[in-house]
Every structure is written in C-alpha cells, then in structure tokens.
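Chain residues, written in single-letter form:
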Amino acid sequence: MKITNSQLKLICLFLLVFGVYLKTLCPNVYVGDSAELITAAKLLGIAHPTSYPLYVVAGKIFSFLPLGSPAYAVNLFSAIAGAFTCIILVLIFEYVIVSHSLSMIGALLFSFSLTFWSQAVISRVYCLNVLLVCLLIYSIIVPKRHYLTMLIWGLGAANHFFIWLMTPLLLMYFWKSRQSIDIKRLVVFAVVLFMGVSLYLQLPIRTNANVALSWHYPKNITTFLDNVLQRTYQKKMATRTISDTLWVAYSLLLSLGPEFFYLGIVLFLFGMFYCYRKSKWFSTGLVLVIVGNFSLITLYGQPREFYLLYFLPTFLILSWFLTAGLQLFIDILPRKFGKIAKVCAIFLVLLQLFLNFSPNNRRWHFLVYDFVENVLRILPQNALLYLSGDSKTFTLAYQRFVENKRPDILAAGVGESLPENYVANYQVKYGYRNDIYCTYFRYFIAKKKDPELEFSPAGLIWQQKKNSSTPFSLSNPNHYYRRREFSHKYYLDMKSKFIQNYYNLNEATRLLVIGQKQRAIPYLIAAYSFSGRDVEGLLQAG
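Keep in mind that what you see is a predicted model, and the values were worked out from it rather than measured. (Residues numbered from 1 in each chain as written. Predicted model: local features only at pLDDT ≥ 70, side-chain atom pairs only at ≥ 80, totals over all residues. Heavy atoms only, no water.)

Within the protein chain one finds 25 helices and five strands. Here the analysis covers contacts within the protein chain between residues at least 6 apart in sequence; of these, 76% occur between residues at least 24 apart. Accessible surface computed for the protein chain: about 24400 Å², of which carbon and sulfur atoms make up 65%. (Helix = DSSP H or I, 4+ residues; strand = E, 2+ residues; numbered from the N terminus. Contact = heavy atoms within 4.5 Å. Areas by Shrake-Rupley, 256 points an atom, 1.4 Å probe, with all protein chains shown as cover.)

This is how it looks when you write it as structure tokens:
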C-alpha cells in the first residue's frame, strides 16, 4: 500500500503533536479527578457521576502498558487522543472549506491552545470527549455515514454528557437527510445508539463485584440513574441569576485571548460569514452548539477554571471559524500577499507553542503524589485519617488500591460541616483507634469546644491530642518529607496551589513550634496570600 503525500503529512503532523504532548506529559497522578480516573481505570471501578465508562474501559486497556506506572500509561492515552484530534480536525477543515496547508495550521492552533493542551497531558475525560466530537462532525460531513454517526454519538454519551450539545447539529443533519431515512432505519439508528450507550451497564456489573472504588454503589435503578443523570449535581442548576450569566459571558470573552489571540475575535466573525455562505445548515448548527454550551455552563455555575474545560466544544468550533476566517482573508488578498499571510499564520502556531509550553508543562509534576506519600509516612499503623478535597482523597485511593501502599490506614471523608461527636461516631462504626489525624484542620478548630476535636500540628497533617499513642516529633525521620521539583512555575492552577500551600503552612508550623517566629513569617505571608483563613486557624490553634 503506497502512502500518499497527504497521508505522509498527516503522519508527520500526528508525530509532531504527540511529541510535544509526550514532552510535557504528567509522569504521575495530577490534582483534581486525575487520580480517581486512573484508579477507576485500573480497577474497572466507578468514578464520580456520570462515571465515564468509555474512558474507564479505554484507560484500563492502556494501564496494561509496561511504562513504569499505570498513571503514566493512562496519561499517555490522553496524549494519543489529543494527537488524533488534530488529524481529524485537518480532515474536517480540508473536506469543507480550506486548503490542506491552512487546515494543518488551524488544527495546530487548536492542538496547542491553552486549555486543550492542558487536558492532553493528564488523565481527564475532556480530551477524549473533544476527539469524539470531531469524529461525530466528520461522520456528518462525509456522505452516507448515518450508522457511524449514531455509534459515535452513543460512545460519546458513555464518556461525557457534553456530547449531547451536538444534538442541534445532528437534528439538522437528519432533517436534511430525511428523504433517505424511513422507520426501519430509525429503529436501526436507535439500536446502534444503544450499543454505544450500553457501556453504562458496566456500573451495576462492577458494583456487584465489590470493586474498591464505586460512587453511590449503583446496584438498583435509582442509584444507577443518579450516576448517569448526575442527579446529585442538579441542585446547583436552575438557580443562576443574571449576574451569573454575565460572569459566564465575561469568562468566555476573557479566555479567547489566551486561547487564540485577541486577533482571532475578528477572524471568528469573518469565518462565520464564510462558513454560512458555504453551508447554511451546518454553520447554523455549530452556532446553536455554542449557544447550548454557554447556556449549560450558566446553569452549572462552575468556577472559572472549570468554565474553560466546559468551553472546549465552543473552542473547537471557534477554531473552525478562525481557520475559515484565515482562508477568507487569504482568498481576498493578492497571491503574493496570500503567501505572506500563510507564513504569518505559521508564526502564530509557533507563538502559540512558545506561550503555552510552560503553563502546560506537567513533566515534573509530582506535587500531589509526594504530598500524600509524605502523609502516609507520618501516619502510624492502623491510624484513622480524615481527608478533604478531591486531590488528596483520590491520590490516597490510587496509592492504596493501585500501588497497595498502607492498607492498614482507614480513611474517612470530611464534609462541608461536621456533626457533633464526629470522631466518636466513626470510632463506633469502624472500631476504636487511638491515632486519629486530619488534613483539613479548619473544621476541627471551629469545634474546638469539643474535646474529641482538639487537634495539634503534626507536620503536613493534624493529630488528635486526646488518647494519642504516637505523639508527633520533629526529630522522627519519618516526619520529614520530600518534594521533587518544588517550583511555582510548574504549579499554576488553583488546586496545585492549594496543595502547595500546605507545605507553607507546615513549615510555618514547624518554625513556630520550635520558637523561631521570625523565620516563620515569610511562610505565613506566602500562605496568607493564598488562604488567609488557614493562617488564622493556625494562629488560633496556638
């Protein structure tokens, strides 16, 4: 089989993008949901709603790769999905409106954009979701691919519910093709769609297998639908105000600069006009997807860091309009100036690569893994540990259930509020344990009147004063910790800064305990700049 020149270019493009992602790939678990998804993939467990069964199954396959750790192998899956997304984007751009060279430039601009790149180097579901959206669009624009379209739609629904944002485009596609669709084909479409969605049947099957990681234990239809439909999160929806909507719009506009340069805003408008002239129904469908994306994020009301992740379908479509705008701009220029414009577009790709390399370089990111490992070093045998926050809780699950570290530790979650006798209740449920620790001392300080909840500093965590059989000692070598590549330039997102702040609090605590208050001040200032309440709680605790 002879490889054509175009195919060779696509192979080179894939290797280029994959090489950049591989260079910046996170070597271990990352903050947020990363450790949870890796643990779920390795154990074929059930992640938080909507449980993402397609990602879990695909991650399970990659976890078998002998690459040092399951975390690195599953991270690699995201990099491969991101590189394939670039290839599918080229095919989409080229098939509809633009030249081959400009299609590659547009695909590279999206591949090296700030948010998409950030997801291609860690274990999260968003990169695979964007790949499935691209495959769905490609199956729409290529004639007579109805069954493939339904299968991809079903698989996408089994990965992330944002695939349903493509519904307006799909409805317009099927309306346009209505003359070739009869009742028999509609039934087959439904069956093919169910084939993709049927991956959700993994949830009750794996729950009955008593897998270690299982959200809500979906053994019956109620808990199953709670996971699939995200019922636990729906309380946040339909309660948003006009100011929330304006904030979402502001966040979207604010993100366009770092994503595609502010020059791109003008090209978006040109591109929308150009696409509308080429295909009215297709361009209208894409705009409706953006409107649906914006509306859904307004209902969800997530912090700005999550706005960017949830805006990825919109960023994908805007990259389409940006590339179309570049094509229109080049078409109206004289031939000689058109070539200069293409060179300038290549320069934009290089600038995008240069500007976003450092913020997305996760190559040295061991922060949350080392933090939890340090906590486990401090804990004595059979200790009870109260945890809070996704990053610490999921990383502990990864180290215990995947790497089989410290199976003697009993971990319990700390909610937004603590009932009276919280510690005593867990002792009754799990058996009495002398050594009780927590990672989020602010809750316990608030209830200091309860003698069960009096805690003192113990390195990176806090130790219950009452009935402790293993007092914390600064001279104990196990109470020292290691930090690999501890540099602010690697930890730019909010959750990484949150973990980083624990080290500042810990060092300030150590210095205050040994009476060196002047040396503790810089660490207190650094911690206070991030979270004043934590420092106030530390000082209140004496």
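Two numbers describe how helix 4 (residues 70–96) lies on helix 5 (residues 100–111): the axes approach to 8 Å, and their chain directions differ by 140 degrees. If you check the angle between helix 4 and helix 5, you find them oblique. Crossing of helix 4 over helix 5 shows right-handed handedness. Between helix 4 and helix 5, the residues in contact are T85, C86, L89, V90, F93 and E94 and H100, S103, M104, G106, A107, L108, F110 and S111, respectively. Of the residues in the contact of helix 4 with helix 5, the class split is eight nonpolar, five polar and one charged. (Axes fitted to C-alpha atoms, helices over the stretch in contact; angles between N-to-C directions. Parallel < 35°, antiparallel > 145°, perpendicular 65-115°, else oblique. Left-handed = near helix turned anticlockwise from the far one by under 90°. Nonpolar A, V, L, I, M, F, W, Y, C, P; charged D, E, K, R; others polar.)

This part covers the packing of aromatic side chains. For the coordinates displayed, the defined rule picks out 20 aromatic pairs. Note on F14 and F18: the rings are 5.9 Å apart at their centroids and 10 degrees apart in plane angle, and the pair reads as stacked. One end of the pair is F14 and the other is F18, both in helix 1 (residues 5–23) and four residues apart, which spans about a single turn. For F18, a relative accessible area of 18% corresponds to the buried category. Considering the side-chain rings of F161 and F162, the 4.9 Å spacing of their centres and the 85 degrees angle between planes classify their relative orientation as edge-to-face. Comparing F161 with F162, the two get one shared label, buried. (Phe/Tyr/Trp six-rings, centres within 6.5 Å; stacked < 30°, edge-to-face > 60°. Buried < 20%, exposed > 50% of the residue type's maximum accessible area, 1.4 Å probe, protein only.)

A few words now on helix 8 (residues 146–157). Here helix 8 contains twelve residues, and its C-alpha end-to-end distance of 17 Å stays within 8% of the 16 Å for a straight helix at 1.5 Å per residue. Of the positions making up helix 8, those classed as buried are H146, T149, M150, I152, W153, G154, G156 and A157. Where helix 8 is buried, its residues contact helix 7 (126–141), helix 9 (167–176) and helix 10 (183–197). (Expected span 1.5 Å × (residues − 1).)

On average, residues of the protein chain carry a pLDDT of 79, and 80% of them reach 70 or more. Within the protein chain, no element has a lower average pLDDT than helix 21 (residues 422–430), which sits at 49, and none a higher one than helix 3 (residues 53–63), at 94. Counting contacts from residues 415–423, a segment whose pLDDT is below 50, to residues more than four positions away or on other chains yields 20 contacts. Within the model, pLDDT remains below 50 along residues 443–450, and this stretch shows 24 contacts once partners closer than five positions in the same chain are excluded. (pLDDT = per-residue confidence, 0-100.)

We now examine the pairing of strand 1 (residues 384–387). Of the two faces of strand 1, the one lined by L384 and Y386 and the one lined by L385 and L387 are each fully buried. The sheet contact formed by strand 1 and strand 3 (residues 436–438) spans three bridges and is parallel. Across the sheet, the residue bridging to L384 is I436, located in strand 3. (Pairing = 2+ DSSP bridges.)

Ranked by internal contacts, the top residues of the largest apolar core, which has 148 residues, are F315, W320, F321 and L379. Looking at this core, the element that brings in the most residues is helix 4, giving 14 residues. When neighbours within four sequence positions are excluded, W320 is seen to be in contact with I92, F93, V96, I97, C275, F282 and L286. Counting residues in hydrophobic clusters, the runner-up holds six residues, among them L384, Y386, L410 and I436. (Core = buried A, V, L, I, M, F, W, Y, C linked by side-chain atoms within 4.5 Å.)

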